[in-house]
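Coordinates in review
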Amino acid sequence: MTSAAEHRRPVPADSEAILNALPNPVLLVAPDGRIVDANIAAESFFEISTQFLRRQSLKELVPFGSPLLALIDQVRASASPVNEYKVDLGTPRIGGDRQVDLHVAPLTERPGHIVVMLQERTIADKMDRQLTHRSAARSVIALAAMLAHEIKNPLSGIRGAAQLLEQAASSEDRMLTRLICDEADRIVTLVDRMEVFGDDRPVARGPVNIHSVLDHVKRLAQSGFARNIRFIEEYDPSLPPVLANQDQLIQVFLNLVKNAAEAVADLGSDAEIQLTTAFRPGVRLSVPGKKSRVSLPLEFCVKDNGSGVPEDLLPNLFDPFVTTKQTGSGLGLALVAKIVGDHGGIIECESQPRKTTFRVLMPMFSPTKQFDQSNRDGVPGTPSPASQDAR
């Protein structure tokens, strides 16, 4: 006859399911340092399958002299759990900056075996940076409104005067009057782009198939600026719809793909852009104007094998007027950050040579939320024209 405790004890299959349901990477390390088992989140973190992880020593996965190795020795000696915060486990293979919180504990049922759980700090840092990006984008709203009024009006007078002079000018002077008109038009275009930041009209949102958006963006890119670039698609076919405005999502990913295309332009036949989608449960964000935290389980990535973004620009990459291009205005990614932020999402960039990833985390569609959104918004918004700026 079985006891109540035995009834409560999960069977091994249940234990494995519970382990794989955890959003944090978990490893079981043997006394000799070999990895005995790992959950699905660990596969994603180390970008290695469980079967391959089981053939690895922990020393082969973490940086040389990593504090994690010393922590494991400490736990074995004391037979008690230990926590360590802000430990960098980044390697060239999995990424150069992977800060985690470590939770290391002995497994009493198997002497000498250690359980290691990792909690990526990058998620919390992304949330903090996203709030900064939103503030930075909104900080130019007043500037945009002022420029629209104070610059566009006198520019129209300058352009009109240049056109009048052109009628009586010589052929050489006409080149100068034409230059004045062209430059005036260029400044007006720049001001028009900045006016987008001041557009606070409500936007109609609903269920959007992200794969349809990415396929449309890919077709646009391959028919123009990315004609000779190889695209790789890794999509999760079971992904639920995203709660968004489809036209604005197209604008976001068209900007990101254009950035990627320009980053790999000098690679010739080796140029490559990768589009991926995945379901990543466990990420929640506090959004201004909402009492409850919003879940962001949908992950969309645009990756390229270009030279990467300079490290000193990464923290401010989504700020207005920050750009790596000689002819760029630095408004493209700021606009992307504003749109993603207005949708309650997060955008982040991770970059190193031959591996740059722009990652967008967004909420999924819920019929109840859509009903509430329709009551709040009242009228559909008008999507802004796609920005041609990049990094």
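Above this text is the structure in question.
One structure accompanies this document, and this report is about it. (Residues numbered from 1 in each chain as written. Predicted model: local features only at pLDDT ≥ 70, side-chain atom pairs only at ≥ 80, totals over all residues. Heavy atoms only, no water.)

**What about the packing of helix α9 (residues 210–222) against helix α10 (residues 246–263)?**
Put simply, the rule reads: Axis definition: a line fit to C-alpha positions, over the contact stretch in the case of helices; interaxial angles, taken between N-to-C directions, run 0 to 180 degrees. Working definition: helices are DSSP H or I runs of at least four residues, strands are E runs of at least two. Numbering for both runs from the N terminus. Geometric relationships in this document are graded by angle, where less than 35 degrees denotes roughly parallel, more than 145 denotes roughly antiparallel, 65 to 115 denotes roughly perpendicular, and other angles denote oblique. Left-handed describes a crossing whose near helix is turned anticlockwise from the far helix through less than a right angle; right-handed describes the clockwise counterpart. Between two residues, a contact is recorded if the distance between any of their heavy atoms is within 4.5 Å. Note that Gly is not counted as nonpolar here; it falls among the polar residues with everything else outside the nonpolar set of Ala, Val, Leu, Ile, Met, Phe, Trp, Tyr, Cys and Pro and the charged set of Asp, Glu, Lys and Arg.
Interaxial distance between α9 and α10 falls to 9 Å at its minimum, and their mutual angle equals 50°. As judged from the angle between their axes, α9 and α10 are oblique. Considering how the two elements wind past one another, α9 and α10 form a crossing that is right-handed. Contacts between α9 and α10 pair I210, V213, L214, H216, V217, L220 and A221 from the former with Q246, L249, I250, F253, L254 and V257 from the latter. For the contact of α9 with α10, the residue count by class is 11 nonpolar, two polar and no charged.

**Looking at the pattern of salt bridges**
The criterion, for reference: The term salt bridge refers to a side-chain nitrogen of Lys or Arg lying within 4 Å of a carboxyl oxygen of Asp or Glu. Relative accessible area decides the class of each residue, using a 1.4 Å probe on protein chains only: under 20% of the type maximum gives buried, over 50% gives exposed, and in between gives partly exposed.
In this structure the tally under the stated criterion is 14 salt bridges. A salt bridge links D185 to R159, with the nearest nitrogen and oxygen atoms 2.7 Å apart. Of this pair, D185 sits in helix α8 (residues 171–195) while R159 sits in helix α7 (residues 141–168), and the two are 26 residues apart along the sequence. The exposure class assigned to D185 is partly exposed, which follows from its relative accessible area of 31%. The partner of R178 in a salt bridge is D182, and the shortest N-O contact between them spans 3.9 Å.

**Comments concerning the pairing of strand β5 (residues 114–120)**
Note the threshold: When DSSP locates at least two bridges between a pair of strands, those strands are taken to pair.
Pairing of strand β1 (residues 26–29) with β5 involves four bridges; the strand directions are antiparallel. By the bridge assignment for β5, L28 is matched with V115. Here strand β4 (residues 99–106) pairs with β5 via seven bridges, running antiparallel. Residue pairing for β5: V104 is matched across the bridge by V116.

**Some remarks on the pairing of β1**
Judged by which residues are buried, β1 turns out to be covered on both faces: V26 and L28 on one side and L27 and V29 on the other are all buried. Where β1 and strand β2 (residues 35–38) come together, three bridges link them in antiparallel fashion. By the bridge assignment for β2, L28 is matched with D37. In this antiparallel pair of consecutive strands, β1 and β2, the connection spans five residues, and G33 shows a positive phi of 90°.

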